[in-house]
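Now for the letters of each chain:
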Amino acid sequence: MTDQRNAEDSSGRVDGASARRNQRPRYGMLSNTAFMMAQAWRGRKSALAICLGTALSAATISILNLFVAPTVLTTIEEHASLTSLFAVIGLFVAGLMLANAVSAYCDTNKLFSYVEVRTSLLRLINEKDARTSYPNTLDAAFNEAESKATDSCSNNQAPTEAIWTTYSTLLADVIAFAAYLMVLSGLNGWLIALVVATTIVSYVVGLRLNGWGYRHRDEEERYVNRLYYLYRTATSRDYAKDIRVFGLRRWLDDLWNGTMRLYRGFLARREGMYLWANVVDVALTLMRNGVAYAYLLWIALSQGMSASRFLLYFTAVTGFTTWVAGILEQCSTLHRQSLDLSTLREFLAWPEPFAFDGGEPLPCDTAKTYEIRFEHVSFRYRPDGPEVLHDINLTIHPGEKVAIVGLNGAGKTTLVKLASGFLDPTEGRVLLNGFDIRRYDRRDYYALFSAVFQEYSVLDVTVAQNVAQRIDGVDIERVRWCLDKAGLTQDVAALPKGLDTPLGRAVYEDGVELSGGQTQRLMLARALYKGAPILLLDEPTAALDPIAEDDIYRKYAAMTDGRTSLFISHRLASTRFCDRILLMKDGRIVEEGTHESLLASGGGYAKLFDVQRKYYRSGGDSGQTDMDHGTAAMEKEGAGDDVSRG
Ligand code: ADP
């Protein structure tokens with residue numbers, strides 16, 4: 001259930017971006033290797049066999065290549081028969097062919113296996129993202145980790161796929177290193193020390209100079225982000241009108257060219273560094289091979305070393321460097337990839353402040369009578385942020401229609417999010433029929449709600465699928481009924497494919513885009529289709545003109561009949577159909593009652609209503625909404641101050 005890491009803040013509102021950024025990785029290299037092996041074992045076992053096959057075949061090819069020429073030469077030096085010579089050559093050729101065949105097989109098939117393991121991780125990320133507790137989606141650190149985790153699975157070069165190549169190359173390097181070391185053990189220990197030392201120096205210098213790019217990645221990221229932003233702005237449909245009307249093209253061109261100039265300068269500096277790394281490497285290789293050559297020549301001349309031995313040692317000395325450098329290189333790559341894997345695993349193990357599968361199933365209430373009670377509820381979005389709701393006590397009775405009104409930022413949406421279980425209180429409790437909602441499986445709890453939110457989410461699927469919120473098993477008759485109730489029947493009939501018309505252009509070329517008002521009605525139909533016992537309406541008419549708005553309020557009134565509903569609105573007249581109206585100010589419920597009783601009491605609600613009514617009489621046809629006028633006027637007339645005293 002609730003992870004201990006977040007025990008100090010059970011609502012999960014922690015914005016731990018900066019805190020977590022400086023933390024050490026939670027999972028080490030060995031643990032990550034075990035994780036990848038287990039992932040492959042569960043998903044695609046062939047990934048393990050292919051990784052091993054690639055390593056063994058590469059090591060075998062290197063070892064056979066080391067021995068082939070000296071062995072053939074030895075056979076000739078020993079004046080062996082032609083048959084023996086052919087037999088030796090034949091054995092090496094057969095061995096090399098076999099190893100190359102295994103290598104080619106692994107190479108051809110690795111893509112499928114490695115990709116499958118990578119995509120299985122991507123699936124886990126997507127599942128986590130789609131099912132995580134709502135407060136996590138507000139946490140910058142969670143979003144940052146999600147973005148990094150996705151990056152680490154985004155393409156064939158991404159760490160979760162490339163790591164298999166690192167494993168196989170590292171294993172091949174270690175095997176070849178051991179074989180070469182055995183050959184060289186017959187030589188002077190100082191020569192081996194020189195080879196190892198120059199390789200390490202060359203590697204460290206290279207790492208330092210090549211690391212310049214890594215150390216300056218923030219600078220590069222800045223240029224790339226800026227260029228990407230400019231590209232997106234210049235090509236996006238969203239800005240097309242503004243660019244033309246305000247003549248922004250030249251400005252964008254200048255910005256692009258200026259950033260490009262800086263980026264080119266950066267790349268030139270970075271390439272300069274890489275050049276120096278190559279110069280150092282070449283110098284050290286020259287020195288190492290020169291000394292080895294001289295030493296082996298000296299032994300050959302002074303101690304009569306055979307040509308085949310000379311060849312074997314010389315190949316071993318020059319090749320040995322490759323394995324030492326390879327091991328260092330692969331270890332450093334593995335370290336980097338392991339950091340990315342750690343981030344991915346931290347994301348997958350991100351604490352869930354809400355109970356899901358571990359929670360109690362919601363008791364089945366056949367009468368569908370649900371009472372929601374706020375008991376001394378206070379709330380902050382961040383532990384160090386301001387308190388947004390203060391000590392709210394409120395009972396929403398079964399079947400009651402409650403309207404919440406108040407100025408922007410009063411806390412209306414937050415209150416609804418707490419009632420619907422998207423957020424948990426910082427202090428106090430939200431109770432369903434007398435029990436804290438935190439004990440239940442949160443998905444069961446969400447099943448109680450139908451909702452129309454301010455930000456609507458139309459999916460790029462057909463009209464019918466949008467209403468039913470499913471692909472299969474759509475009850476078409478029910479869809480029609482809901483569209484009819486929402487007043488959309490005629491609009492849908494006018495669409496090219498009626499109910500089967502796809503919406504949105506992101507997926508379908510012939511997708512249709514609905515107007516703001518049509519979308520609001522579609523959202524209403526969607527809420528109707530779900531038919532849940534509690535209805536949430538958060539400013540559901542913001543995009544409507546006054547006539548359409550009036551029509552839709554009537555529909556809401558009919559729709560909410562017999563159901564518990566919570567309704568946020570700026571338009572006070574729209575709340576008349578509600579049983580009770582709450583006026584919120586600065587995170588508190590400052591007035592409550594029916595429309596009539598609140599008007600009669602002459603408090604903040606009455607003032608606000610008066611302002612809106614005057615506006616409607618005088619300027620309602622200007623096209624501006626009462627929200628703009630009413631709110632501004634209310635602020636000007638100080639109605640809000642009265643409200644606080646009310
Ligand atoms: P209303 O619905 O009445 O306009 P809200 O409930 O949206 O008010 O907001 C109440 C307060 O909480 C405001 O001060 C707002 O800035 C703040 N707030 C809303 N959402 C967040 C969030 N995700 N993170 C931090 N503060 C928020």
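What comes next is a walk through the structure. Remember, it's a predicted structure, so these values are computed and weren't measured experimentally. (Residues numbered from 1 in each chain as written. Predicted model: local features only at pLDDT ≥ 70, side-chain atom pairs only at ≥ 80, totals over all residues. Heavy atoms only, no water.)

What about the packing of helix α4 (residues 82–131) against helix α6 (residues 140–151)?
Next up, step 1: Viewed as axis vectors pointing N to C, α4 and α6 meet at an angle of 160°, and their least axial separation amounts to 10 Å. With respect to α6, the axis of α4 lies roughly antiparallel. Crossing of α4 over α6 shows left-handed handedness. Along the contact surface, α4 presents L122, I125, K128 and D129, while α6 presents F142, E146, A149 and T150.
Next up, step 2: By residue class, the composition of the contact of α4 with α6 is 4 nonpolar, 1 polar and 3 charged. (Axes fitted to C-alpha atoms, helices over the stretch in contact; angles between N-to-C directions. Helix = DSSP H or I, 4+ residues; strand = E, 2+ residues; numbered from the N terminus. Parallel < 35°, antiparallel > 145°, perpendicular 65-115°, else oblique. Left-handed = near helix turned anticlockwise from the far one by under 90°. Contact = heavy atoms within 4.5 Å. Nonpolar A, V, L, I, M, F, W, Y, C, P; charged D, E, K, R; others polar.)

Let's talk about the nonpolar core
Burial of nonpolar side chains together is a common tendency in soluble globular proteins.
Next up, step 1: V463, V467, V479, L483, L522 and Y556 are the most contacted members of the largest nonpolar core, which has 41 residues in total.
Next up, step 2: Going through the elements one at a time, β3 (401–406), α15 (463–468), α16 (476–485), α18 (516–530), β7 (534–538), α19 (546–559), β9 (580–585) and α21 (604–618) are the ones with two or more residues in this core.
Next up, step 3: Among the elements that take part in this core, α18 stands out by supplying 7 residues, more than any other.
Next up, step 4: If we ignore the near neighbours within four places in the chain, the residues touching V463 are L483, V492, L495, G498, L499, T501, L503 and L522.
Next up, step 5: Counting residues in each nonpolar core, the second largest holds 32 residues, with L362, I404, L566 and I568 among its members. (Core = buried A, V, L, I, M, F, W, Y, C linked by side-chain atoms within 4.5 Å. Buried < 20%, exposed > 50% of the residue type's maximum accessible area, 1.4 Å probe, protein only.)

Examining the packing of α16 against α18
Next up, step 1: Direction vectors running N to C along α16 and α18 enclose 130°, while the axes themselves pass 8 Å from each other. Relative to α18, α16 is oriented oblique. As α16 packs across α18, the resulting crossing turns out to be right-handed. Contacts from R478, V479, C482, L483 and K485 in α16 reach L522, A525, L528, Y529 and K530 in α18.
Next up, step 2: Class assignment of the residues belonging to the contact of α16 with α18 gives a composition of 7 nonpolar, no polar and 3 charged.

Digging into the sheet that holds strand β5 (residues 435–436)
Next up, step 1: The strand order across the open sheet formed by 4 strands is β2-β1-β4-β5, and the pairing between neighbours is antiparallel. Two strands bound the open sheet, and with one partner strand each, they are β2 (387–396) and β5.
Next up, step 2: Where strand β1 (residues 372–380) lies against β2, 6 bridges are found, and the strand directions are antiparallel. Residue V377 lies in a different strand from β2, and its bridge partner there is I392.
Next up, step 3: Relative to the sheet, helix α13 (residues 412–419) contacts β1, β2 and β4 (427–432), its axis offset from that of β1 by approximately 125°. (Pairing = 2+ DSSP bridges.)

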